Amino acid sequence: MERQVVQRAKEAFLSGRARGLEFRLQQLHALQSMITEKETEICTALKQDINRSQYDTPLLELIGIENEIKLAIEKIAEWTAPRPVEKNLLTISDEVYVQPEPLGVVLIIGAWNYPWALTLLPLIGAIAAGNAAVVKPSELSECSSLLLRALLPRYLDKDLYPVVMGGAAETQELLRLRFDHVFYTGSSAVGKLVMEAAARHLTPVTLELGGKSPCYIDKDCDIRVACRRITWGKFVNCGQTCIAPDYILCEPCIQSRVIECIRRTLLEFYGADPKCSADYSRIINQRHFTRIMSLMEGYTPVVGGQSDPSQCYIAPTVLKDVPPHSRLMQEEIFGPVLPIVTVSDMDDAINFINEREKPLALYIFCSNKKEAKRMIEETTSGGVTVNDVMMHYSLSSLPFGGVGQSGMGSYHGKHTFERLSHHRACMLRSLNMESVNLARYPPQDRVSWKTGRLCLLRTRMRQSCP
Amino acid sequence: MSREQQAVARARKAFNTGRSKPLEYRIIQLKNLKRMFYEKQKMISDAIKKDLNKSVEVTQLHETLGIESEIDLTIRKLKDWAAPRPVEKNLLTMSDTVYVHPEPLGVVLIIGAWNYPWAVTVGPLIGAIAAGNAAVVKPSEVCVHTAKVMEDLLPIYIDKELYPVVTGGVPETQELLRQRFDHIFYTGNSMVGKLIMEAAAKNLTPVTLELGGKSPCYIDKNCDITIACRRTAWGKYTNCGQTCIAPDYILCEPSMQDRIIEEIKKALKEFYTDNPKTCADYGRIINQRHFKRIMNMLDDCTIAAGGENDEANCYIAPTVLRDVKPEAKVMQEEIFGPLLPIITVGGVDEAIEFINKGEKPLALYVFSSDNKVIDRIRDETSSGGFVANDCLVHYSISSLPFGGVGNSGMGCYHGKYSFDQLSHLRGCLIKKLNMEGVNNVRYPPHTPKKLSWARFILLKSSSLGWIGRMAMLAILVVVAAVALQRYLH
């Protein structure tokens, strides 16, 4: 079944109809309509999947998607136009440019935590770049995926952008087929399998993976504001965000203060009993519930710790003085559990971070810009936000992606378009001016060689670059 | 620990000291590299002559001149490339510092090829050094003498811990591929490219694969056939056809075939005399294995020119094949040798159809004086690079990205592209801890009012010009002040 769908997408792509700018604009406008018209249904589906508040869905996903569509619509003519490059003396009368082209059929494998953003943002780029795209939403966010499956063919060209449902078996079947790019969002473990499968067809990949995003709080900063922002970022979507601050690093002298501020903020956000708050989500399923609960084993939380398996509910939880080598510090938490690991100072924090795999995001709370920049210089991560969390995600002019175990490739805004295009180097010469070429032809005798070499050297020296 | 493991471990240790990070250090290494080409020109040329029978002048023309100019460009531009790159801000980030920060990846593995060993091994190395990485250099074992020269010279001129040279064949390469790298840069064939990517997947290592394919060359009936054939012949027979972007085969209408053959013969005589075997400028096939592979392709073809060969010398004369059928042996794989098949097609439509039946090639060439033909072929096909009315030359423009697509590769390099390909471009947003009031719209408890505000701010801000943004910012400041007031009470 998957084979047929992909074959149809390929034929639809080869028909050439995805190429015309008008067509791409029309599809983008249609996608825009879908988001606007079906907002209620989309919010309801997410409420059913993960108990996400109907306000959080527009805030976290839909507004961002709308902005991306708008940007693509506004900029597509500019993005798709040939891009002239600097010429040198030898190419002065030639046309030299880079022409962005579609790749062909893109496979987009979405994730369950932000099912709309993580499938539609790549799709927007795929459409803008003139590709076909097979969309495979995560089976874990069941209601949202079913809704996507129902809605997309109603608004978009259903041969060019089919939705394929299913779990691991169907995904594996898809990965046996040949695509021109595979865009995967999910875990590093599966990321390796996706890349391995793609290798068999020499298919380039974009892998948006995860990791443990550290959050360093400097002792000389406005801890109250810092903790407010961190609390929001950590517990939104019940901690199930790839760029959530995974754990806190701070000096022992401020640990209690940090805990107090978080506790107060939690009270403000979710009330005395978060279980009753309409704004507090749930864990996606039993398996993840059990996973997160087991990570907490042996620890006494200083905040939260309550749970209810029947509802997949875990209270916003904070743990103090967590040992660096504990199980809790070995895998991405992806849940509402916030460990605090104490370090002696910023240098100690830097070493701590560098000893571990490169994370998807790094957060630094520090009022000293110079020190913050030093921390940026001495570490690496997919992205960085200083004095807030997650916000680098929402600026589409910044490339969003990981490095090392947290992923490869980046997207958002124009970056998605670039990622899902082929940048073809084009050079148009004329058949005259053959004399310019003489130096390159054999026979390379000494005299003509010396002149030719000098000429070449001089022109290359003057070469510019983008 | 194997020799390969040790080299990689040492490189990583050296990288972790941080000494490859300062720009001054990178520039010193690049200057030393350049000095190597200048001081050891003879040693380099002698080795190339033994490996590929290329003359001193040709070696410089094809390889070292290009490398030297890339080094010059890189030294001149490094400060710009490595500097933080500010990006466009939106309303919410108006007063923040936002930029992309280029960073080294770590330890890069560079696997070179044998046909232009310096260009394709040192080319990526320039980018690796410029981006602040360590790099393990694995030259191709097929160009035996050049690999030895690389092994001997590089450690004398550049940091031998940061940039070790590991020589060897398949087992050594496999051992290297078992180690963990932060990027793998491979130049070679598609088959091995798949194995490299599969190995890289185990560590989630990104790859750049510069592969190959059959680069078509369409000669339109409307063009100056003499010039077209001259340029094509030059592109084809340089380095004895062993160029990844050589025009692999010609497509033309039947009526033109004879003329094309004549013109190519003329060009060949001009370039290599009547007896290319004695001409200093005509190369040799790299080894016996490739000699046999190429000679096999002649079995089911009609030779229109050339065909002479001498196995002991790995010599194959510049050869043209006529009336070649798509099923012929010579059309089943990249030739990478001095055989130029001509396939006749009915016209542009059939040529496009023929090209699109095959895998996406590394390069595509069109010779025509009709711009409409050029535009059509460009628009209805895909390839790594595209050149109208010449061959190979796009390679030497550093402002053009050089790389393949589909089976011909992924990623690109040259000039700034090498730097970017071997860097991590990290998105950075530096905010302040004030203006907390603005953030209230995102915090629970959520209300319809808060959401409307959020929608207003987030959706509207993207479509405003700067005046609009300033006005919005003023409103926002007032809102923030009011909200903060309320919050504090």
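Note that the structure is predicted; figures quoted are calculated from it, not measured. (Residues numbered from 1 in each chain as written. Chains lettered and ligands numbered in written order. Predicted model: local features only at pLDDT ≥ 70, side-chain atom pairs only at ≥ 80, totals over all residues. Heavy atoms only, no water.)

Caption draft 1: Structural view of the UniProt feature "active site" (unreviewed entry) in chain A. Residue and element names in this part refer to chain A. UniProt feature "active site" (unreviewed entry): in the numbering of this structure it lies at Glu208 and Cys242. With the annotated positions falling across 35 residues, the maximum pairwise C-alpha distance of 8.9 Å places them together in a single cluster. Relative to the assigned elements, Glu208 resides in strand E6 (residues 205-208). If we ignore the near neighbours within four places in the chain, the residues touching Glu208 are Phe183, Tyr184, Thr185, Gly186, Phe400, Gly401, Ser406, Gly409, Ser410 and Tyr411. (UniProt positions renumbered as here; feature names shortened; annotations may be inferred. Helix = DSSP H or I, 4+ residues; strand = E, 2+ residues; numbered from the N terminus. Contact = heavy atoms within 4.5 Å.)

Caption draft 2: Expanded view of the UniProt feature "domain: Aldehyde dehydrogenase" (unreviewed entry) in chain A. According to UniProt, the "domain: Aldehyde dehydrogenase" (unreviewed entry) feature falls on residues 4-422 of chain A. The span residues 4-422 of chain A is 43% helical and 16% strand by assignment, and the distance between its end C-alpha atoms comes to 25 Å.

Caption draft 3: Inspection of the interface of chain B and chain A at higher detail. Taken together, the 119 residues of chain B in the interface contact 110 residues of chain A. Of all residues in chain B, B:Leu204, B:Leu433 and B:Arg442 give up the largest surface area on contact with chain A, accounting jointly for 9% of the area buried on that side. We note a salt bridge from B:Glu436 to A:Arg229, for which the minimum N-O separation is 2.6 Å. Where chain B packs against chain A, one counts 55 residue pairs in polar contact (both at pLDDT 80 or more). Here the side of chain B that touches chain A takes 13 residues from helix H4 (residues 56-82) of chain B, the largest share from any one element. The residue makeup of the side of chain B that touches chain A, split by class, is 54 nonpolar, 34 polar and 31 charged. In the sheet, strand E18 (residues 421-428) of chain A pairs with strand E15 (residues 385-388) of chain B via four bridges, with the strands oriented parallel. The partner of A:Met427 across the bridge, within E15(B), is B:Val387. (Buried area = accessible area lost by both parts, 1.4 Å probe. Salt bridge = Lys/Arg side-chain N within 4 Å of Asp/Glu carboxyl O. Polar contact = N/O pair within 3.5 Å; in protein donor to acceptor, adjacent residues only side chain to side chain. Nonpolar A, V, L, I, M, F, W, Y, C, P; charged D, E, K, R; others polar. Pairing = 2+ DSSP bridges.)

Caption draft 4: The arrangement of the sheet that holds strand E5 (residues 181-185) of chain A in detail. Residue and element names in this part refer to chain A. Taking strand neighbours across the sheet as the criterion, the five strands line up as E4-E3-E5-E6-E16 in an open arrangement whose pairing is mixed. With partners counted over all chains shown, the strands left at the sheet margins are strand E4 (132-136) and strand E16 (407-408), one partner each. In the sheet, E6 pairs with E16 via two bridges, with the strands oriented antiparallel. Note that in E16 the partner of Leu207 across the bridge is Met408. Those strands touched by helix H5 (residues 115-128) are strand E3 (105-109), E4 and E5, and its axis lies near 165° from that of E3. (Axes fitted to C-alpha atoms, helices over the stretch in contact; angles between N-to-C directions.)

Caption draft 5: Molecular detail of the sheet that holds strand E12 (residues 337-342) of chain A. In spatial order, the strands read E11(A)-E12(A)-E8(A)-E7(A)-E13(A)-E14(A)-E17(B)-E2(B)-E1(B); together these nine strands make up an open sheet with mixed pairing. The open sheet terminates on both sides in strands that have one partner only, identified here as strand E11 (317-319) of chain A together with strand E1 (85-86) of chain B. When E1(B) meets strand E2 (residues 97-104) of chain B, the two strands line up antiparallel, connected through two bridges. Residue pairing for E2(B): B:Arg85 is matched across the bridge by B:Val100. Helix H9 (residues 223-235) of chain A contacts strand E7 (214-217), strand E8 (247-250), E11, E12 and strand E13 (361-365) of chain A of the sheet and is inclined by roughly 135° relative to E12(A).

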